[in-house]
Amino acid sequence: PTFTAQFTGWEEGNSGVDTLILSAAQKEKDEDYVWVFSGTVYKKLAASGIEYMVMQAGDNSLAVSTSGFSGGTRYAMYRSSGMVSKDFTYAVTMDAASGAFEMDVTVDGTTYRMSDDQDSDFYYYDVYSTQNGGMNTLAREGTEG
């Protein structure tokens, strides 16, 4: 879907810009929203002073840290073999109705489902989500993976 981009401050009253919000256009059908980006994207955002990239569809939001959000045994193996951020492609799928999300990573031709289980091949951390609350509740009521 098409989207709008907005630069803003994470906390209310913050006059600085540290967050990029990508708001998806409303779909006519009840379809999932999908965002795909490489590690290069969040590294460039971090270098520009952006701390979080937020994917938003209606009142549902998912914020991902630009300073890194991936870990796991397989992640460590790929990194130690010389793969860098640009070699990792992430796909975030958000359910249009509930706001529930899934995150996958593709590296070296293989796709892995990410989870918040730190014993898994790939896990995410410093990721916040909210359903039916919009951006304003992310910092206060989000869940960290």
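Nothing here was measured: the structure is a model prediction, and the numbers come from that model.

Novice: I'm lost on the sheet that holds strand E7 (residues 88–94) in this one. Help?
Specialist: In a beta sheet, neighbouring strands are held together by backbone hydrogen bonds and run either parallel or antiparallel to one another. Here four strands make up an open sheet; going across it, the order is E3-E7-E8-E9 and the pairing antiparallel. The two strands at the open ends of the sheet, each matched to only one other strand, are strand E3 (33–38) and strand E9 (110–114). Taken pair by pair, the neighbouring strands of this sheet meet at an average axis angle of 20°, ignoring direction. As paired elements, E7 and strand E8 (residues 101–107) share seven bridges and run antiparallel to each other. Bridging from a neighbouring strand, Thr-89 pairs with Thr-106 of E8. The strands touched by helix H1 (residues 39–47) are E3 and E7; relative to E3, the strand with the most contacts, the crossing angle is about 75°. The sheet contacts of helix H2 (residues 73–80) involve E7, E8 and E9, and relative to E7 the element is tilted by about 150°.

Rules and cut-offs
- Residues numbered from 1 in each chain as written.
- Predicted model: local features only at pLDDT ≥ 70, side-chain atom pairs only at ≥ 80, totals over all residues.
- Heavy atoms only, no water.
- Pairing = 2+ DSSP bridges.
- Helix = DSSP H or I, 4+ residues; strand = E, 2+ residues; numbered from the N terminus.
- Axes fitted to C-alpha atoms, helices over the stretch in contact; angles between N-to-C directions.
- Contact = heavy atoms within 4.5 Å.

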